[in-house]
Amino acid sequence: MRNRVAITGLGVVTPFGRGVTNNWAQAIQGKCGIRKLSTVDATGLRVQYGGEIPEQDMATLSSSIDSSRMDRSVLLAIDAAHEALKAAGLGVQETGTTGVVVGTGFGTIQTKERHFLQAANDDRAISPLIVLQGMDNAAASEIAIRFGLKGINQTLFTACSSGAMAIGTAYRLIVQGYETRLLAGGVDTPITRLMIKAWDKLHLISRGRQWDQCSLPFGRNRNGFTIAEGAGFLVLENLTSARSRGAVIYAELAGFSANCDAQHLSTPDANTQANVVRSALDDAKIASDQVQYINAHGTATTVNDQVETQAIKWAFGAKAVGIPISATKSQIGHTMGASGAIEAIFTVLMMRSGCLLPTIHFQSGDPLCDLDYVPNQVRKVGPIQFALKTAFGFGGNNVALVLRNADLQ
């Protein structure tokens, strides 16, 4: 007998700001959180727009937490984790046995870049705090310390699929009976001058000159991803345990799969992506025609969107044309290692509301991206029983999550 896995808590911080309710209110109106960069000096950069946490939200967050010893990513992770744990209604007894699994693409990149640049100019500027602030497992550790989570503590790195991989890893630990309850999700704060320059050198980041010219997934006019920051966490727990304590069950995580292209660091493979989707459906023990919605990885890069579209066609066959697909990155940008977790949360909210978030700024389709991407307008579809969330990362790291509506069982 394998355990079933309930989602009993949600917490998020994105370019829309803090909190699940706030994020959903803006997303369902089709708003966009992409704006002119303000946290970095963008002078001379060809990239001028990104998805930054609003300044007021960061100020409030920093004042409520002793931020002097923490990387920006850790602050966001703590805030999203706190909301998820609070939503799950966990007391001291439950948190003492709860563990943490965090996914991140770039970890404490802001601390490392700042300190290393200081040290390059003056080695007397080297701070002993870089050891503690710069640990890439700092977010998981600080969350555990702050909330007394004494279970397993892991940090995973699978590039842009890291957040989804953390959720899937937590799912497996619960399914197999190793853990009863885990906090899982992702965080990334990759908006630095050096990172923007590096992505620009790869010709993968959008140089759009207005906010609505950036992050255009699956459209003919797409011009690269838009860099963003954020954090998203979910409380996952054994369904029997969740029911016994009377927890609110937002959804069930019904299936998970992960694999690797094993062919190229940056060029994805449609066949392997299709395989990870098929495997996740098999794990959930559902047929492909039971999937009613797909939240795509949808980065808005030329190759990735074409490959993902082909993978969906291979995984679902002729049924692919009838499945609505949308890309949350069109609204908040690409939050890197946090994206899979944040977008899984939005997927849960869509399932519960029966309303699909759109792929905004969609003007005209690419002949090689010819599926239903829910263009521009929120779509009311009624109850969604099964949804698929995909996440793909450099190194060919592919993840698929299958979500089941807890109200339709």
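We now turn to the structure provided with this report. The shown structure was predicted, so the numbers you read here are calculated from the model rather than taken from an experiment.

Analysis parameters
- Residues numbered from 1 in each chain as written.
- Predicted model: local features only at pLDDT ≥ 70, side-chain atom pairs only at ≥ 80, totals over all residues.
- Heavy atoms only, no water.
- Helix = DSSP H or I, 4+ residues; strand = E, 2+ residues; numbered from the N terminus.
- Rg over C-alpha atoms; globule rule 2.2 N^0.38 Å.
- Buried < 20%, exposed > 50% of the residue type's maximum accessible area, 1.4 Å probe, protein only.
- Contact = heavy atoms within 4.5 Å.
- Areas by Shrake-Rupley, 256 points an atom, 1.4 Å probe, with all protein chains shown as cover.
- Salt bridge = Lys/Arg side-chain N within 4 Å of Asp/Glu carboxyl O.
- Arc of directions from axis to C-beta.
- Core = buried A, V, L, I, M, F, W, Y, C linked by side-chain atoms within 4.5 Å.
- Axes fitted to C-alpha atoms, helices over the stretch in contact; angles between N-to-C directions.
- Parallel < 35°, antiparallel > 145°, perpendicular 65-115°, else oblique.
- Left-handed = near helix turned anticlockwise from the far one by under 90°.
- Nonpolar A, V, L, I, M, F, W, Y, C, P; charged D, E, K, R; others polar.
- Polar contact = N/O pair within 3.5 Å; in protein donor to acceptor, adjacent residues only side chain to side chain.
- Phe/Tyr/Trp six-rings, centres within 6.5 Å; stacked < 30°, edge-to-face > 60°.
- Patch = residues over 30% accessible without salt bridge, like charges linked within 9 Å, V, L, I, M, F, W, Y side chains within 5 Å.
- Disulfide = S-S within 2.5 Å.

Looking at the overall build of the protein
When helices and strands are counted, the protein shows 14 helices and 15 strands. Over its C-alpha trace the protein gives a radius of gyration of 20 Å, about what one expects of a compact globule, namely 22 Å for 409 residues. Once the C-alpha set of the protein is aligned to its principal axes, its extents read approximately 60 × 55 × 40 Å. Evaluated residue by residue, the protein yields a buried proportion of 61% over its 409 residues. Long-range contacts, defined as pairs at least 24 residues apart, comprise 79% of the intrachain contacts of the protein with a sequence gap of at least 6. For the protein, the exposed area adds up to about 15,700 Å²; of that, 53% sits on carbon and sulfur atoms.

A few points about the pattern of salt bridges
What the rule picks out here adds up to 16 salt bridges. The residue R18 makes a salt bridge to D79 at a minimum N-O spacing of 2.7 Å. Taken together, the residues span a long stretch of sequence, with R18 in strand 2 (residues 17–18) and D79 in helix 3 (residues 72–87) at a distance of 61 residues. Between D200 and R46 there is a salt bridge; the shortest N-O distance is 2.9 Å. Placement of D200 in helix 9 (residues 193–201) and of R46 in the loop between strand 3 (35–36) and strand 4 (49–50) is noted, with a sequence separation of 154 residues between them. R46 sits in the partly exposed class, given a relative accessible area of 45%. Bridged by salt links that share partners, the residues R4, E252 and R404 form one connected network.

Quick word on helix 1 (residues 20–27)
Of the positions making up helix 1, those classed as buried are V20, N23, W24, Q26 and A27. The buried residues of helix 1 all sit within an arc of 165° when viewed along its axis, so they share a single face.

Describing the environment of A296
Structurally, A296 is set in the loop between strand 10 (293–295) and helix 12 (302–316). Classification of A296 as buried rests on a relative accessible area of 0%. Sequence separation of A296 and Y373 is 77 residues, and the distance between their C-alpha atoms is 9.1 Å. Setting aside residues no more than four positions away along its own chain, A296 makes contact with F218, E308, I325, S326, A327, E343, K389 and T390.

A word on the nonpolar core
I7, L10, I167, L236, L253 and F346 are the most contacted members of the largest nonpolar core, which has 48 residues in total. Ignoring anything within four residues of it in the chain, the contact list for I167 reads A184, G185, L234, L236, L253, A341, A344 and L401.

Structural notes on the environment of E55
Within the element layout of this structure, E55 appears in helix 2 (residues 55–64). Separated by 174 residues in the primary sequence, E55 and E229 have C-alpha atoms spaced 13 Å apart.

What to know about the packing of helix 3 against helix 7 (residues 138–147)
Running from amino to carboxyl end, helix 3 crosses helix 7 at an angle of 45°, the nearest separation of the two axes being 9 Å. On the basis of the axis angle, helix 3 is oblique to helix 7. Relative to helix 7, helix 3 is oriented so that their crossing is right-handed. In contact with V74, A77, I78, A81, H82 and L85 of helix 3, helix 7 contributes A138, A139, E142, I143, R146 and F147. Looking at the contact of helix 3 with helix 7 residue by residue, the classes come out as nine nonpolar, one polar and two charged.

Overview of the side chain of E237
Tracing the backbone shows E237 in strand 8 (residues 230–238). The class of E237 is buried, set by a relative accessible area of 0%. Here the side chain of E237 touches R181 through a polar contact of 3.3 Å, side chain to side chain. In this view, E237 contacts R4, V5, A6, T8, I174, T180, R181, A242, R245 and A247; residues no more than four positions away in its chain are not counted.

Some points on the packing of aromatic side chains
Under the definition given, this model contains six aromatic pairs. For the pair F106 and W199, a centre-to-centre distance of 6.3 Å together with 85° between the ring planes defines the contact as edge-to-face. Of this pair, F106 sits in the loop between strand 5 (99–103) and helix 5 (109–121) while W199 sits in helix 9, and the two are 93 residues apart along the sequence. A relative accessible area of 8% means that W199 is categorised as buried.

Quick look at a nonpolar patch on the surface
There is a patch of nonpolar side chains on the surface, built from L129, V131, L132 and M135 and spanning about 350 Å² of accessible area. As for its placement among the helices and strands, L129 is situated in helix 6 (residues 129–133). L129 sits in the partly exposed class, given a relative accessible area of 37%.

What about the state of the cysteines?
Applying the stated rule across the entire model yields zero disulfides. As a non-bridged cysteine, C355 has C32 as the owner of its nearest cysteine sulfur, 20 Å distant. Free of any disulfide, C369 has its nearest neighbouring cysteine sulfur in C160, separated by 18 Å. C369 gets classed as buried once you look at its relative accessible area, which sits at 2%.

By themselves, these observations are geometric and do not establish any function.
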